[in-house]
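# Structural characterization, general
Chain by chain, the residues:
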Amino acid sequence: SICFVSEQPIRASFKCLHCLFIGASVCVQSQLPSRVQESYSVECMFCPEDFWSNQDRTACIPKNVEFLAYDALGIPLTVISVVGASLTIGVFVVFFYHRNTAVVRVNNSELSFFILFALILCFLCSLVFIGEPTFWSCMLRHTAFSITFSLCISCILGKTLVVLAAFTATRPGDNIMKWFGPKQQRAIIFSCTLVQVVICAAWLIDAPPYPIRNTNYERSKIILECSVGSSLAFWCVLGYIGLQASLCFVLAFLARKLPGNFNEAKYITFSMLIFSAVWLAFIPAYISAPGNYAGAVESFAILASSIGLLFCLFAPKCYIILLKPEKNTKHHLMGKEKK
C-alpha cells in the first residue's frame, strides 16, 4: 500500500496503514529537522466533521449530504399524495352534488364531509416529510399528521356511534338518538381532537422536534433528518391515535350485523382493520429504518392508511351513486324494498 504525498510515493508504514483503516483520516508527511539530515515520517490527520478523506487518503473532501428529496424515492410519494388528495376532492364533489340523495343523507352527510376534509389534509401532510428538514418543517411533520388523523378517526368514531345508536333504538319510546344529534356529534369530534391538540402543544413546548445532521449511520455521509425531540410524546401521539382506532373498531364490530342493505359499520370495521395493520407494520419498520428512510416509511404509512380509509368508506357509496342509481333509495338502503 502506498500513500501519495506531494506527488511522491512513500512506502506505507504502520501509521499509514492505520490511516487507511480510519475512514476520516489522511496520510500526511511531516518534516522533522535533524542535526545531520532532514528525516520524514507519515502520520494521520483527522478530517473536519463535515469532511471525508478521498480514495488515496491524501486530502479531505466534503461529505455527501442526503435527505428525503424529490428523487427516485420522493417523487413517487409526492405523486401518490397528490393523486390521493385529488381523488378525495373528487369524492367530495360527487357527494356535494348528490347531497340530497339517499346514500349521502342516510350515512350522515355532515360527518362524511368532515371525514373527506380530514383525508385531504392527511394526504397533503405527507408532503411535509419530503425536502430538506428545517426547524419549522420538523415541528409540522409529526404534529400535522397526528392532528389530522385524530380528526379523521374522531369523525369515524362519531359516525360509528350514530350508526350503533340508530339501529339499537328500535322501541318507539327510545330517546337515545337525542344524545347523538348534530351538536353532540360535533362535540364528540371536537373533544376527541382537542386531546390530541393538547398532547402536541405540550410536545412542542417541552421538547419540540428539530433537524439534525446524522453521521452515525454511515461515516462517509451526512443524513439530514428530524429528531422527534421527546420520544415519549411521539409514542403518546401514536398511542392516542391507536386508542381511537381500537375503540372505533370495537364499536363497528358490534354493529356489523345490524339490519339494512347498507350497514356502514361493516365498511368501518374493514377500514379500521386496514388502518391498524398499516400502523402496526409501521412501528418495527420505522424503528429499523436507517437515516432518511425513516421519513419515507412514515410518509408511506400515512398514504397507505389514508388510501385504505378512502376506499373502504367511500368506494361502495360512489359505486351506488354513480353506477347503481336505482339502488340509491331509502327503502333499498334500509332493506325494506319489496321483492
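Per chain, the residues get numbers from 1 upward, laid out in the order the sequence is written. Per-residue local features of the predicted model are confined to residues with pLDDT of at least 70, and side-chain atom pairs are confined, for both listing and counting, to 80 or more; whole-chain, interface and lining totals are unaffected and use all residues. Note that water and hydrogens are dropped before the side-chain values are worked out from all heavy atoms of the structure.

The protein chain is annotated in an unreviewed UniProt entry as G-protein coupled receptors family 3 profile domain-containing protein from Xenoophorus captivus. UniProt positions are given in the numbering used here, feature names are shortened, and annotations may be inferred rather than shown by experiment. Under the UniProt heading Subcellular location (unreviewed entry), the entry covering the protein chain gives this text: "Cell membrane".

Under the scheme used here, helices are H or I runs from DSSP no shorter than 4 residues and strands are E runs no shorter than 2 residues, and both carry numbers assigned from the N terminus. Tallying secondary structure elements over the protein chain gives 10 helices and nine strands in all. A 1.4 Å probe rolled over the protein chains alone gives each residue an accessible area, and that area as a share of the maximum for its type sets the label: buried under 20%, exposed over 50%, partly exposed in between. The buried share of the protein chain, taken over its 339 residues, is 46%. Note on contacts: a residue pair qualifies if any of its non-hydrogen atoms lie within 4.5 Å across the two residues. In the protein chain, once contacts between residues fewer than 6 apart in sequence are set aside, the share between residues at least 24 apart is 68%. The Shrake-Rupley method, run with a 1.4 Å probe, gives the accessible areas here. Residue values count only the displayed protein chains as cover. Entry remark: accessible area of the protein chain is about 18,200 Å², with carbon and sulfur atoms responsible for 65%.

Mapped onto this structure's residue numbering, the UniProt feature "transmembrane region" (unreviewed entry) falls at residues 73-97, 109-131, 143-167, 187-205, 232-255, 267-287 and 299-322. Helix and strand shares over residues 187-205 are 100% and 0% respectively, and the end C-alpha atoms of the span are 26 Å apart.

Our next topic: helix H8 (residues 264-288). Look at H8: 37 Å from first C-alpha to last across 25 residues, which is about the 36 Å you get at 1.5 Å a residue. What the bend at a residue measures is the angle between two axes, fitted to the seven residues ending there and to the seven starting there. Taking the largest bend as the criterion, H8 deviates by roughly 25°, centred on Phe282, and proline Pro284 comes between one and four positions later. Those residues of H8 that fall on the buried side of the exposure criterion are Glu264, Ala265, Ile268, Thr269, Ser271, Met272, Phe275, Val278, Trp279, Phe282 and Tyr286. By this rule, a helix spans an expected 1.5 Å times one less than how many residues it contains.

A few words now on the sheet that holds strand E9 (residues 221-227). Strand order in the open sheet formed by three strands is E7-E9-E8, with mixed pairing between adjacent strands. Edge positions in the open sheet fall to strand E7 (64-66) and strand E8 (210-214), since each of these has one partner strand only. The mean angle between the axes of side-by-side strands here comes to 25°, regardless of whether they run parallel or antiparallel. Strands qualify as paired when DSSP identifies two bridges or more between them. The sheet contact formed by E7 and E9 spans three bridges and is parallel. Within the sheet, the bridge partner assigned to Glu66 lies in E9 and is Ile223. Interaxial angles span 0 to 180 degrees and are taken between N-to-C directions of axes, which are lines fitted to C-alpha atoms, for helices over the stretch in contact.

Most of E9 sits out of view: six of its seven residues are buried. Two strands pair when backbone bridges link them, and E8 and E9 are joined in this way by five bridges, in the antiparallel orientation. Looking at the pairing, Tyr210 lines up with Ser227 of E9. Adjacent in sequence and paired antiparallel, E8 and E9 are bridged by six residues.

Relative to the helices and strands, Thr148 resides in helix H5 (residues 135-168). The exposure class of Thr148 is buried, given its relative accessible area of 10%. Apart from the residues within four sequence positions on either side, Thr148 is in contact with Ala118, Leu121, Cys122 and Cys125.

Take the packing of helix H2 (residues 74-97) against helix H9 (residues 293-323) next. Their axes nearest at 10 Å, the elements H2 and H9 cross at an angle of 25°. Comparing the axis directions of H2 and H9 gives the class roughly parallel. Both H2 and H9 take part in a crossing whose hand is left-handed. In this structure, H2 uses Leu77, Ile80, Ser81, Gly84, Leu87, Thr88, Val91, Val94 and Phe95 to contact H9, whose residues at the interface are Ala296, Ser299, Phe300, Leu303, Ile307, Leu310, Phe311, Phe314, Lys317, Cys318, Ile321 and Leu322. Residue polarity follows a fixed list, in which Ala, Val, Leu, Ile, Met, Phe, Trp, Tyr, Cys and Pro are nonpolar, Asp, Glu, Lys and Arg are charged, and the others, Gly among them, are polar. Here the contact of H2 with H9 is built from residues that sort into 16 nonpolar, four polar and one charged. Convention used here: angles under 35 degrees read as roughly parallel, angles over 145 as roughly antiparallel, angles from 65 to 115 as roughly perpendicular, and any remaining angle as oblique. Each crossing is labelled by how the near helix is turned from the far one, with a counterclockwise turn of less than a right angle marking it left-handed and a clockwise turn marking it right-handed.

Moving on: the state of the cysteines. Only a pair of cysteine sulfur atoms within 2.5 Å qualifies as a disulfide here. Scanning the model with the defined rule gives one disulfide in all. Note on cysteine connectivity: Cys138 is disulfide-linked to Cys226, with sulfurs 1.9 Å apart. Taking the torsion about the sulfur-sulfur bond, which here is approximately -75°, the covalent link between Cys138 and Cys226 counts as left-handed. Remark: Cys226 occurs in strand E9 and Cys138 occurs in helix H5; sequence separation between them is 88 residues. We classify Cys138 as buried; its relative accessible area is 0%. You can see Cys248 has no disulfide; the closest cysteine sulfur is in Cys152, sitting 9.4 Å from it.

Take the packing of aromatic side chains next. Pairing of aromatic side chains here covers Phe, Tyr and the six-membered ring of Trp, requires ring centres within 6.5 Å, and sorts the geometry by plane angle: under 30 degrees stacked, over 60 edge-to-face, intermediate tilted. Scanning all chains against the criterion turns up 13 aromatic pairs. Ring centres of Phe149 and Trp279 lie 5.9 Å apart, and the angle between their planes is 80°; on these two criteria the pair is classed as edge-to-face. Placement of the pair is Phe149 in helix H5 and Trp279 in helix H8, with a sequence separation of 130 residues. Residue classification places Phe149 among the buried residues on the basis of a relative accessible area of 1%. Aromatic side chains Trp279 and Phe282 sit 4.9 Å apart centroid to centroid with 70° between the ring planes, which places their arrangement in the edge-to-face category.

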